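Chains, contacts and geometry: an overview
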Number of protein chains: 2
Amino acid sequence: MDVAIIAIGDELLLGSVTDTNTPFIAATIDRLGGRVVYSCHVADDPSEIYSAIGLAMSKADLVLTTGGLGPTKDDITKEVMCRYFGGRMRHDDAVARHIEDIFRRKGLPMNDLTASQAMVPDCCTVVENAVGTAPVMWFERDGKVLVSMPGVPREMRYVFDHEVVPRLRGYYDISSVELHHRFISTEGISESDVNTRIEAFEVSSPLRSVHIAYLPQTGYLKLRMDAEDAVLLSEAESLFCKEFEEYVIFKGDITPAEALLNRLREAGLTVSSAESCTGGNIAHQLTLIAGCSDVYQGSVVSYSNEVKMHLLGVNASTLDSYGAVSVEVAREMAEGVALAVGTDCSMATSGIAGPGGATPGKPVGTVCIAVKFPSGTVSDVYHFTGGRSEVISRATVKAITLLIRGLGCRATGLS
Amino acid sequence: MDVAIIAIGDELLLGSVTDTNTPFIAATIDRLGGRVVYSCHVADDPSEIYSAIGLAMSKADLVLTTGGLGPTKDDITKEVMCRYFGGRMRHDDAVARHIEDIFRRKGLPMNDLTASQAMVPDCCTVVENAVGTAPVMWFERDGKVLVSMPGVPREMRYVFDHEVVPRLRGYYDISSVELHHRFISTEGISESDVNTRIEAFEVSSPLRSVHIAYLPQTGYLKLRMDAEDAVLLSEAESLFCKEFEEYVIFKGDITPAEALLNRLREAGLTVSSAESCTGGNIAHQLTLIAGCSDVYQGSVVSYSNEVKMHLLGVNASTLDSYGAVSVEVAREMAEGVALAVGTDCSMATSGIAGPGGATPGKPVGTVCIAVKFPSGTVSDVYHFTGGRSEVISRATVKAITLLIRGLGCRATGLS
């Protein structure tokens with residue numbers, strides 16, 4: 001199943017918003033064994049949309065579009081599709097009632113613009129959008145399908161998962177071509193070094209027989225192995241983990257935060273964080289994971305020295321002698337938060353995220369990280385590249401990775 | 001200047017990564033007065049890249065590509081461009097020395113794959129990439145330009161801002177066509193209602209004479225007004241702020257967190273947060289803003305009741321009588337963190353981000369928010385839609401917005 005994705009909206013070409021719909025759809029299509037062969041962004045312009053549909057229909061069996069269905073006047077997608085598939089616009093009572101229901105529930109007044117959303121092409125099947133007012137439209141021509149979905153990510157994701165994918169499974173013989181995937185995340189090795197070492201294996205090796213996608217993430221390298229043969233895939237995965245043992249931090253399509261929570265859960269340990277330069281991002285990443293509360297207890301964001309002293313018990317003398325950005329302060333922060341919150345483990349960061357704040361010997365990107373284990377505390381100073389948000393992200397991943405690694409091999413690296 | 005953007009990489013069509021390069025480039029082109037007419041994602045496939053370049057060159061005067069220049073074997077972009085522009089690959093000594101320097105500085109070993117990055121087409125001008133190993137290539141044909149940039153966001157942004165844009169300003173007569181923009185963020189009113197009320201103005205009104213782009217964000221609605229006439233734009237902005245006074249939360253191309261920090265700075269006040277369901281995201285959003293430390297002091301992420309009691313001084317009796325998810329607890333959290341951290345203002349959240357944790361009368365999405373001002377504390381219970389991360393984001397924006405609004409009109413809404 002070759003698929004094309006068209007994201008519609010001036011805002012995409014103006015760069016005002018980042019398109020998260022296309023990667024969401026593409027990832028699902030990929031898991032279904034389909035192949036996204038083309039993806040584009042077009043403005044809310046009739047002729048641009050029309051030609052994009054033409055090109056997409058010529059390249060793919062299935063065309064999925066997002067956006068261009070909102071209530072404001074610049075949304076003309078429905079009319080264009082109606083013209084492309086040779087139909088007329090008609091008023092759909094069911095859609096109208098659905099829209100009225102939504103507005104009644106929200107206690108909002110209807111207006112003409114919203115009411116106009118009940119107009120749909122007579123040449124498509126209307127699929128209900130349970131979470132929004134914009135209808136989902138399913139067009140068919142010459143055995144090819146075009147499905148138009150709303151652009152609001154929450155609505156698009158819901159209708160795609162709950163309405164569109166089940167219908168696609170029925171329309172195409174999808175299950176039979178499903179690919180198997182394995183995800184492995186590594187840290188401390190470059191994409192090209194991984195690739196070079198894999199290329200050095202025999203061509204007949206499982207590692208050379210599976211497709212490997214390199215997915216660089218901020219602070220670590222994620223790889224995805226694909227194969228139709230599940231056994232071959234398992235062999236390739238174990239071979240990889242053996243070859244790159246010192247670099248592998250976790251397996252599975254999860255985030256470092258999720259991997260850490262799983263590791264803590266297995267070990268029956270709890271965690272907290274004391275954050276200066278990461279400013280609460282470690283806590284945020286951990287609490288984004290549902291069900292974190294059994295191992296994650298809390299954090300202190302200690303931006304000022306006063307908070308470091310009063311809430312974390314960092315000694316004034318340590319701050320005076322070494323400065324806030326020091327491994328000594330980071331260690332006291334880590335041990336202080338574990339005591340204050342009452343956890344077995346903790347992570348602490350103190351650094352210079354930039355762009356300002358650099359001091360002689362401590363350039364922007366300098367971050368001191370301490371990680372407390374039941375058996376002791378490790379700490380070191382790191383230098384991260386990039387802008388402020390990137391330094392924050394890299395320091396966050398590094399702290400989480402240090403704890404994951406330490407829990408993986410308790411015997412080593414701890415004083 | 002009509003512009004096309006091509007983002008190259010299997011990972012984009014696999015949905016493994018979100019393309020943030022295209023919106024970054026598009027936003028800059030837009031500010032320069034250019035128009036992005038087309039944008040697409042193509043796989044690391046020679047024929048796909050070749051045809052995408054052909055289509056882009058036919059639609060635009062300037063084609064900007066990102067990605068497909070990394071060291072791993074699937075990167076064939078350079079060869080395709082070399083073929084398209086009719087040249088031969090050659091070894092570039094300067095690029096080679098630059099790559100060796102980078103590896104020496106990082107203390108990493110060179111390998112053949114990386115060395116191959118020194119091969120470039122002889123039909124392009126090589127522009128140095130000061131922050132990475134992949135060269136930037138500038139091709140010209142029939143008065144049209146194609147610039148190939150690396151896909152790593154940090155590298156792409158640096159070379160685009162520091163190398164490509166200055167050269168574009170020289171090549172095209174850009175400055176003369178620059179558009180003016182104004183950004184306004186509103187909360188509590190729908191895109192269609194804003195649009196309907198604007199449509200009700202005289203056609204001759206400044207509000208009808210400027211272009212308005214609706215940029216819905218999670219938890220609020222951002223609008224951008226565009227016009228070549230700066231005076232007209234100012235008139236439209238003031239007219240908008242007057243008409244939608246009760247909904248406007250801040251002006252400018254900034255985030256709610258940035259707007260709050262500015263407001264606090266003006267008022268000479270400091271802030272902290274006590275976060276249960278937002279899990280540190282309020283702190284994270286505030287600390288993403290450089291220079292926040294003059295008004296932001298710290299936060300406590302109190303996931304467990306123990307932390308609420310021990311670090312924030314929430315009374316056990318309040319937790320027992322009303323439960324953790326209650327305005328009573330949220331108020332004590334807000335007042336507790338302001339006292340513990342020593343700030344004039346604070347925000348507190350306690351709620352159910354989901355998917356689990358719902359209780360009778362407290363469905364997923366229920367969030368109690370308390371905001372402390374120097375003159376008193378306000379609190380209320382809110383119900384947010386969406387998944388876990390969306391509930392966290394919406395609660396974060398709501399807490400920040402409540403504080404911004406309260407600081408804007410101290411006289412009202414405070415007990």
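Since we're looking at a predicted model, the values are computed, not measured. (Residues numbered from 1 in each chain as written. Chains lettered and ligands numbered in written order. Predicted model: local features only at pLDDT ≥ 70, side-chain atom pairs only at ≥ 80, totals over all residues. Heavy atoms only, no water.)

Notes on the pattern of salt bridges
Taken as a whole and assessed by the stated rule, the structure comprises 33 salt bridges over all chains. We note a salt bridge from Arg35 of chain A to Asp2 of chain A, for which the minimum N-O separation is 3.5 Å. Taken as a pair, Arg35 of chain A in strand β2 (residues 35-42) and Asp2 of chain A in strand β1 (residues 2-8) lie far apart in primary sequence, 33 residues in all. Ionic pairing is found between Glu390 of chain B and Arg154 of chain A, a salt bridge with its closest N-O pair at 3.8 Å. Taken together, the residues span two chains, with Glu390 of chain B in helix α16 (residues 388-408) and Arg154 of chain A in helix α7 (residues 153-171). (Salt bridge = Lys/Arg side-chain N within 4 Å of Asp/Glu carboxyl O. Helix = DSSP H or I, 4+ residues; strand = E, 2+ residues; numbered from the N terminus.)

A short note on helix α10 (residues 230-243) of chain B
All names here are of chain B. The end-to-end C-alpha separation of α10 is 20 Å, in line with the 20 Å expected for 14 residues at 1.5 Å each. When we look at burial in α10, the residues that qualify are Leu232, Leu233, Ala236, Glu237, Phe240 and Cys241. Along the axis of α10, the buried residues cluster in a sector spanning 165°; they form a single face. Away from its buried face by more than 90 degrees, α10 exposes Val231 and Lys242. Residues of α10 that are buried sit in contact with β9 (180-186), α8 (191-199), α9 (206-209), β11 (220-227) and β12 (248-251). (Expected span 1.5 Å × (residues − 1). Buried < 20%, exposed > 50% of the residue type's maximum accessible area, 1.4 Å probe, protein only. Arc of directions from axis to C-beta. Contact = heavy atoms within 4.5 Å.)

A word on the relation of the copies chain B and chain A
The transformation that overlays chain B on chain A combines an axial shift of 0.0 Å with a rotation of 180°, and the residual RMSD is 0.1 Å. Both copies of the chain, as the preceding transformation shows, are related through a two-fold rotation axis. Taking the C-alpha atom as reference, chain B places Cys40 of chain B closest to the rotation axis, 2.0 Å from it. Mapped onto chain A, 100% of the interface residues of chain B are again interface residues, and the two copies thus contact each other with one and the same surface. (Least-squares fit on C-alpha atoms with pLDDT ≥ 70 in both.)

Quick notes on the environment of Asp45 of chain B
All names here are of chain B. For Asp45, the location among the structural elements is in the loop between β2 (35-42) and α3 (46-59). You can call Asp45 partly exposed: its relative accessible area is 29%. Between the C-alpha atoms of Asp45 and Asp10, which are 35 residues apart in sequence, the distance is 8.3 Å. There is a polar contact of 2.7 Å between the side chain of Asp45 and the side chain of Ser47. Here Glu48 takes part through its backbone nitrogen, which lies 2.9 Å from a polar atom of the side chain of Asp45. (Polar contact = N/O pair within 3.5 Å; in protein donor to acceptor, adjacent residues only side chain to side chain.)

Quick word on the interface of chain B and chain A
Frequently, the measure chosen for interface size is the accessible area that the parts lose on association. Each partner contributes residues to the interface: chain B has 76 residues there, and chain A has 77 residues. Of the roughly 5900 Å² buried at the junction of chain B and chain A (both faces included), carbon and sulfur atoms supply 58%. Along the contact surface separating chain B from chain A lie 4 salt bridges. Among the elements that make up the side of chain B that touches chain A, the one with the highest residue count is strand β14 (residues 296-302) of chain B (7 residues). Looking at the side of chain B that touches chain A residue by residue, the class counts come to 32 nonpolar, 31 polar and 13 charged. Sheet topology places strand β14 (residues 296-302) of chain A next to β14 of chain B; 5 bridges connect them, and they run antiparallel. Counterpart to Val300 of chain A in the pairing with β14 of chain B is Val300 of chain B. (Buried area = accessible area lost by both parts, 1.4 Å probe. Nonpolar A, V, L, I, M, F, W, Y, C, P; charged D, E, K, R; others polar. Pairing = 2+ DSSP bridges.)

Some points on the packing of aromatic side chains
In this description, a pair of aromatic rings is defined by centroid distance and the angle of the planes. Counted according to the given criterion, the structure contains 20 aromatic pairs over all chains. For the pair Tyr382 of chain A and Phe384 of chain A, a centre-to-centre distance of 6.1 Å together with 20° between the ring planes defines the contact as stacked. Residue Tyr382 of chain A shares its accessibility class with Phe384 of chain A, and that shared class is buried. Centroid distance Tyr220 of chain B to Phe250 of chain B: 6.1 Å. Interplanar angle 50°. Geometry classified as tilted. Here Phe250 of chain B lies in strand β12 and Tyr220 of chain B lies in strand β11, a separation of 30 residues in the sequence. For Tyr220 of chain B, a relative accessible area of 10% gives the class buried. Here the guanidinium or amino end of Arg141 of chain A rests over the ring plane of Phe85 of chain A, the centre of that ring lying 5.6 Å away. (Phe/Tyr/Trp six-rings, centres within 6.5 Å; stacked < 30°, edge-to-face > 60°. Lys NZ or Arg CZ within 6 Å of the ring centre and 35° of its normal.)

Here's the deal with the sheet that holds strand β12 (residues 248-251) of chain A
All names here are of chain A. Read across the open sheet, the 4 strands follow the order β10-β11-β9-β12; overall the sheet is antiparallel. In this open sheet, the two strands that pair with only one neighbour each are β10 (211-217) and β12. Going from strand to strand, the sheet's axes swing by 25° on average, the running direction of each strand aside. Two strands pair when backbone bridges link them, and strand β9 (residues 180-186) and β12 are joined in this way by 3 bridges, in the antiparallel orientation. When the bridges of β12 are listed, Thr186 appears paired with Val248. (Axes fitted to C-alpha atoms, helices over the stretch in contact; angles between N-to-C directions.)

Considering the domain arrangement of chain A
For chain A, the assigned domains are domain 1 (2-172), domain 2 (180-251) and domain 3 (263-412). Averaged C-alpha coordinates put domain 1 of chain A and domain 3 of chain A at centres separated by 44 Å. (Domains from an automatic or database assignment.)

Looking at the environment of Pro363 of chain B
Structurally, Pro363 of chain B can be placed in the loop between β15 (345-351) and β16 (366-373). Taking the C-alpha atoms as reference, Pro363 of chain B lies 9.8 Å from Phe384 of chain B; in sequence the two are 21 residues apart.

Overview of the nonpolar core
Where a protein is soluble and globular, its nonpolar side chains tend to be buried together. Residues Ile6 and Ile53 of chain A together with Ile6 and Ile53 of chain B are the most contacted members of the largest nonpolar core, which totals 48 residues. Setting aside residues up to four positions removed in sequence, Ile53 of chain B forms contacts with Ile6, Val80, Met81, Tyr84 and Leu146 of chain B. (Core = buried A, V, L, I, M, F, W, Y, C linked by side-chain atoms within 4.5 Å.)

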